[in-house]
Amino acid sequence: MAKLWKVHPYREENTRTIVTFCCMFIEAQGIYIESDLFKDNASYMRSALVAANAIFHDLGDLRKPYYLYRIVQDALEQGKEMSSRVENYIRKAELPVTRENI
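The sections below set out a description of the structure shown in this document.

## Comments concerning the nonpolar core
Ranked by internal contacts, the top residues of the largest apolar core, which has 18 residues, are Ile33, Phe38, Met45, Leu49, Leu68 and Ile71. Broken down by secondary-structure element, the contributors of at least two residues to this core are α1 (2–7), α2 (14–28), α3 (36–40), α4 (42–52) and α5 (66–92). Ranked by residue count, the leading element in this core is α2, at five residues. Setting aside residues no more than four positions away along its own chain, Leu49 makes contact with Met1, Ala2, Trp5, Thr15 and Leu68.

## Notes on α5
Helix length check: α5, at 27 residues, gives a terminal C-alpha distance of 39 Å against a target of 39 Å (1.5 Å per residue), a fit within 8%. Within α5, the full set of buried residues consists of Leu68, Ile71, Val72, Ala75, Gly79, Ser83 and Ile90. Those residues of α5 that are buried lie in contact with α1, α3 and α4. Phi turns positive, to about 55°, at Glu94, one or two residues after α5.

Reading guide: rules and limits
- Residues numbered from 1 in each chain as written.
- Predicted model: local features only at pLDDT ≥ 70, side-chain atom pairs only at ≥ 80, totals over all residues.
- Heavy atoms only, no water.
- Core = buried A, V, L, I, M, F, W, Y, C linked by side-chain atoms within 4.5 Å.
- Buried < 20%, exposed > 50% of the residue type's maximum accessible area, 1.4 Å probe, protein only.
- Helix = DSSP H or I, 4+ residues; strand = E, 2+ residues; numbered from the N terminus.
- Contact = heavy atoms within 4.5 Å.
- Expected span 1.5 Å × (residues − 1).

Structure representation (structure tokens):
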């Protein structure tokens, strides 16, 4: 995610575009992620991407990917919890639990 963001292909909305793309890619792999966490913490997310890419010609490598790892890990954990809740509701409704239903 940080490497894609560093490319900065657009004049504006790079963070939102990259985060949306990465969330869609993750979900296409069958992994659930709580993308609202990124939207609700957009400023933090942008700062985390900046910190993950902080390499300077004069100061050297000052990257701190921890902040990005932390928010992505939280989003994945919340996505897993959300998926479990949805599965329980589907089971209670006596419907088949499939990826499409979740």
